[in-house]
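What follows is the residue order along each chain.
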Amino acid sequence: SGLDDLEQAVFGDLYKLYPRITRVGDVHTRTDEATGDFEVSGQFELPEFFAFEDTKATFTVMASGTMALPSPQVVKRSQPLALPYPLHARHYIRVQMPEHVKPVQTDKPLTLRSAEYEFRRELQSQANVITLDSQLQVLRDEVPGRSVAEFAKRQRELREQMVVSA
């Protein structure tokens, strides 16, 4: 069905990354009529998500919204590299920590900006809930051929920022 296809498109990377993940409840969609934003959300359980040591739990999350940007295989090119424009992707992850775990320290918000995109990431912690809010906005429809090598370098740096461990 259409909802199954949508679930695979939105959460497919999550299912590949964590083979034992289980969706709890239904996939929900919402459209904001004022802005035209379309939201897809789901709740998941993942048995091996936390690694425990005394009262400390560590975990790693990945904001997959940046996967929408192409990773050029050839960086020396004369033709431009097409980008998915317009695009504004937001990946919001909320982690409910076990009761006995101490809250984690969080970083300052991070913003990476180039001529092609703006990426923002914020990690917050309140009591036993940690949230990771990542947003990617594509700012143009292509990368000029002469700039693809620099774009590929920034892509690697951006993908490193997608992963947060706490």
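These numbers come from a predicted model, not from an experiment.

Asks: Could you clarify how one ought to interpret the pattern of salt bridges in this entry?
Replies: Going through the model one piece at a time under the given rule, you end up with eight salt bridges. Between E39 and R30 there is a salt bridge, and its shortest N-O distance comes to 3.3 Å. Here E39 falls in the partly exposed class, since its relative accessible area comes to 38%. R30 sits in the partly exposed class, given a relative accessible area of 44%. Salt-bridge contacts for R120 lead to E118; the nearest nitrogen and oxygen are separated by 3.3 Å.

Asks: Sorry if this is basic, but what is going on with the packing of aromatic side chains here?
Replies: Tallied over the full model, the rule gives two aromatic pairs. Aromatic pair Y15 and F44: ring centres 6.0 Å apart, planes at 70°, arrangement edge-to-face. One end of the pair, Y15, is in helix α1 (residues 2-17); the other, F44, is in strand β2 (residues 38-45), with 29 residues separating them in the sequence. Using a relative accessible area of 22% as the deciding quantity, one classes Y15 as partly exposed. Pairing Y117 with F151 gives two aromatic rings, centres 6.3 Å apart and planes at 75°, and the pair type is edge-to-face. Residue Y117 is located in strand β9 (residues 117-126), and its partner F151 is located in helix α2 (residues 148-161); the two are separated by 34 residues in the primary sequence. Accessibility assignment for this pair places Y117 and F151 in one class, buried.

Asks: I would appreciate a short explanation of unusual backbone geometry in the present structure.
Replies: With the exception of glycine, the majority of residues adopt a negative phi angle, and the majority of peptide bonds are in the trans configuration. Of note, the bond from Y85 into P86 is cis; its omega dihedral lies within 30 degrees of zero at 0°. Note that P86 resides in the loop between β6 (81-82) and β7 (87-96).

Asks: Would you mind showing me how to read the pairing of β2 here?
Replies: The side chains of a regular strand alternate between both faces of the sheet. Where strand β1 (residues 22-31) and β2 come together, seven bridges link them in antiparallel fashion. Across the sheet, T29 pairs through a bridge with V40, a residue of β2. Connecting β1 to the next strand, β2, in antiparallel fashion are six residues, including G36 with a positive phi near 85°.

Asks: Please clarify how α2 should be interpreted in this entry.
Replies: Since one α-helical turn is 3.6 residues long, residues separated by three or four positions face the same way. Relative to the 20 Å expected for 14 residues at 1.5 Å per residue, α2 spans 20 Å between its end C-alpha atoms, a close match to the ideal helical length. Considered for burial, the residues of α2 that qualify are V148, F151, A152, R154, Q155 and L158. What you see down the axis of α2 is that its buried residues fit within an arc of 165°, all on one side. Facing away from the buried side of α2 by over 90 degrees, the exposed positions are R156 and E160. Contact partners of the buried residues in α2: β6, β8 (110-113), β9 and β11 (142-143).

Asks: I'm lost on the side chain of E116 in this one. Help?
Replies: Position of E116 among the secondary structure elements: in the loop between β8 and β9. For E116, a relative accessible area of 3% translates into the label buried. Setting aside chain neighbours within four positions, we find E116 in contact with L83, Q137, V138, L139, R140, V143, F151 and R154.

Cut-offs and rules
- Residues numbered from 1 in each chain as written.
- Predicted model: local features only at pLDDT ≥ 70, side-chain atom pairs only at ≥ 80, totals over all residues.
- Heavy atoms only, no water.
- Salt bridge = Lys/Arg side-chain N within 4 Å of Asp/Glu carboxyl O.
- Buried < 20%, exposed > 50% of the residue type's maximum accessible area, 1.4 Å probe, protein only.
- Phe/Tyr/Trp six-rings, centres within 6.5 Å; stacked < 30°, edge-to-face > 60°.
- Helix = DSSP H or I, 4+ residues; strand = E, 2+ residues; numbered from the N terminus.
- Pairing = 2+ DSSP bridges.
- Expected span 1.5 Å × (residues − 1).
- Arc of directions from axis to C-beta.
- Contact = heavy atoms within 4.5 Å.

Everything listed here is a matter of coordinates, which is why it stays silent on function.
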